[in-house]
Amino acid sequence: MAGGAVVSTGPVKVYPGKMTPYVLFICFVAASGGLIFGYDIGISGGVTSMPPFLRKFFPSVYHKMQEDKNHTNQYCTFDSPKLTMFTSSLYLAALVSSFFASWMTRRFGRKITMFMGGLVFLVGAAINGAAVDVAMLIIGRILLGVGVGFANQSVPLYLSEMAPANYRGFLNIGFQLMITLGILVANLINYGTDKIKGGWGWRVSLAGAAVPALIITVGAVFLADTPNSLIERNPDNPEKAKSMLRRIRGTDDIDEEYRDLVTASIESSKVEHPWRNILSRKYRPQLVMAILIPFFQQLTGINVIMFYAPVLFKTIGFKNNGPLVSAVITGCVNVLATFVSIFTVDKFGRRLLFLEGGSQMLICQIAVGTLIAIKFGVTGVADISKSYAYLVVFFICAYVAGFAWSWGPLGWLVPSEIFPLEIRSAGQSINVSVNMLFTFLIAQVFLTMLCHMKFGLFYFFAFWVICMTGFVYWFLPETKNVPIEEVVLVWKKHWFWSKFISEDDISKDISKGFELHSNGGAPKSIV
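Model, not experiment: these values are computed from the prediction.

Asker: Even after reading the chapter, I still don't get the packing of aromatic side chains, so can you show me in this structure?
Answerer: Ring pairs (aromatic) are described by centroid distance and by the angle formed between their planes. For the coordinates displayed, the defined rule picks out 28 aromatic pairs. Measuring from ring centre to ring centre gives 5.1 Å for phenylalanine 57 and tryptophan 202, while their planes differ by 90°; the resulting arrangement is edge-to-face. With a gap of 145 residues between them, phenylalanine 57 in helix 2 (residues 51-57) and tryptophan 202 in helix 8 (residues 201-207) connect regions that are remote in the sequence. The exposure class assigned to phenylalanine 57 is buried, which follows from its relative accessible area of 5%. With relative accessibility at 3%, the residue tryptophan 202 sits in the buried group. Relative to phenylalanine 343, the ring of phenylalanine 339 lies with its centre 6.5 Å away and its plane at 10°, an arrangement referred to as stacked. In this pair, phenylalanine 339 and phenylalanine 343 both sit in helix 16 (residues 322-348), four residues apart, roughly one turn of the helix. Judged by relative accessible area, which is 57%, phenylalanine 343 ranks as exposed. The ring of phenylalanine 86 carries the charged tip of arginine 141 above its face, separated from the ring centre by 5.1 Å. For arginine 247, the ring lying beneath its charged end belongs to tyrosine 22, and the centroid distance is 3.9 Å.

As structure tokens, this is what we get:
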């Protein structure tokens, strides 16, 4: 292939079929996986701001809250290693369990993995709701983490394989939307249970995780595995996969799609040592993105807001149930802003949303840090007015909106677009693992950082927003409307990544795409 050659991708292949009621049901089950993850993110911050919960499990924090506000350092009120372990233990468990879930998904199929994840999650919810000490709380959270790890591994994969091709992108970002809905639902439940007399409302909040767990557990019982999984695990029984393909597409004309699925399965089975391959020089761009995008996503500071929104708002001066109200407001903003990404990402591209969202988050982080610095200074002692607190909430909401249409969904979407077949499994595993690792670390150290860094913590995250926005501007090419097998051309045209990719690498990757698409359809032409 000569330098400066162009590749004509030709028309996009469209398979017969439609969105059937059965596929809609599949989407509902998949969405419940998003609700599980979102509910976990939203619920912990709410219950850790409830006095009865703190009095029972974290009395030292409770006593700090009860002290005279004028003599208490607001930055350090919630600084407790046990309290942060309650939140962060889930994400460490999710990190570890995702490796086992990956093996189970390939070995036993997506359905069994979904069922096991929902079942373990259900047990964790029951233990948390009935907890009598911190040990039970953390054991329950670990089981919830195992459920999250299994669900996050299997549900998006199940959804993408069952959905018709022309709905796949929309539904994938829809999964992120359901995560934000889960956060909002958790905030609303916390707001309601906080009003329950007797001080046991926190049990309802924690046990409420059983509802989305039941949806995915019971739903998985009535679902069959995807055609992709059936072909992969039962290559000698083609009729089973064909029958499932007919059912989900609502047509008997499935031969072309079936042949392509078989071809893809054969190509995938030929891949050896994906973990070794991803370390090759020509895959340096993908490896860097698989590490830095999830790393930066967590260092935006968003999980600080979503995990500890009620705690944070109480720290900046809200009283009574004001923190829970503010958390509900940010949850609504999160959901609505995600729709912006759904309807604009394919029109304006990934880079524009990344850059705009990063700029907006930077301004808001600096504003929030400055507003808190003016009132609380370094002592953490202050009594702020409602109008001043509302101003802080405004900038926090603007920050959440910027994240929700940029680094939120795109932090998952972009990595999924850039991995070629031979390193896809390894690349996605790295992406998920790095995300969960830094989610755990941020959740574990945030309250201690707030105590020691005070308002400077917001400037700390603002610094990282500058870094990640600059990284996108200089190093992330636009991947909008680029077929996965031709993304190598994007890297080759880039001012920096082109140094790692040779013309031979391009020729080989394009040849693979040619072979894959020439079975059952017009081949792509190389000019």
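Asker: Just checking my understanding: could you explain the packing of helix 1 (residues 21-47) against helix 6 (residues 134-162) for this structure?
Answerer: Working note: a packed helix pair is described by the angle between its axes plus the distance between those axes. Two numbers describe how helix 1 lies on helix 6: the axes approach to 9 Å, and their chain directions differ by 150°. As summarised for this structure, helix 1 and helix 6 are arranged roughly antiparallel, according to the angle between their axes. Crossing of helix 1 against helix 6: the hand is left-handed. Residues Val23, Ile26, Cys27, Ala30, Gly33, Ile36, Phe37, Asp40, Ile43 and Ser44 of helix 1 touch helix 6, and the partners they reach there are Arg141, Leu144, Val148, Asn152, Val155, Tyr158, Leu159 and Met162. Here the contact of helix 1 with helix 6 is composed, by residue class, of 13 nonpolar, three polar and two charged.

Asker: Please clarify how the environment of tryptophan 495 should be interpreted in this entry.
Answerer: Of note, tryptophan 495 is situated in the loop between helix 22 (487-493) and helix 23 (503-517). Tryptophan 495 sits in the partly exposed class, given a relative accessible area of 48%. In this structure, the C-alpha to C-alpha distance between tryptophan 495 and tryptophan 474, residues 21 residues apart in sequence, is 8.9 Å. Ignoring sequence-local partners within four residues, the contact set of tryptophan 495 consists of Trp474 and Phe475.

Asker: Hey, could you run me through the nonpolar core in this one?
Answerer: Inside soluble globular proteins, nonpolar side chains tend to come together where they are buried. Within the largest apolar cluster, 128 residues are counted, with the highest numbers of intra-cluster contacts made by Phe53, Phe58 and Trp407. Ranked by the residues each element gives to this core, the list is headed by helix 1, at twelve residues. If sequence neighbours within four positions are ignored, tryptophan 407 has contacts with Ile293, Phe296, Gln297, Thr300, Phe354, Met361, Met468 and Val472.

Asker: Would you take a moment to explain the packing of helix 4 (residues 81-108) against helix 5 (residues 110-129) for this structure?
Answerer: Running from N to C, helix 4 and helix 5 point in directions that differ by 135°, and their axes come no closer than 7 Å. In terms of axis orientation, helix 4 runs oblique to helix 5. Only Arg110, Ile112, Thr113 and Met116 of helix 5 make contact with helix 4, whose side of the interface consists of Ala101, Met104, Thr105 and Phe108. Of the residues in the contact of helix 4 with helix 5, the class split is five nonpolar, two polar and one charged.

Analysis parameters
Residues numbered from 1 in each chain as written. Predicted model: local features only at pLDDT ≥ 70, side-chain atom pairs only at ≥ 80, totals over all residues. Heavy atoms only, no water. Phe/Tyr/Trp six-rings, centres within 6.5 Å; stacked < 30°, edge-to-face > 60°. Helix = DSSP H or I, 4+ residues; strand = E, 2+ residues; numbered from the N terminus. Buried < 20%, exposed > 50% of the residue type's maximum accessible area, 1.4 Å probe, protein only. Lys NZ or Arg CZ within 6 Å of the ring centre and 35° of its normal. Axes fitted to C-alpha atoms, helices over the stretch in contact; angles between N-to-C directions. Parallel < 35°, antiparallel > 145°, perpendicular 65-115°, else oblique. Left-handed = near helix turned anticlockwise from the far one by under 90°. Contact = heavy atoms within 4.5 Å. Nonpolar A, V, L, I, M, F, W, Y, C, P; charged D, E, K, R; others polar. Core = buried A, V, L, I, M, F, W, Y, C linked by side-chain atoms within 4.5 Å.

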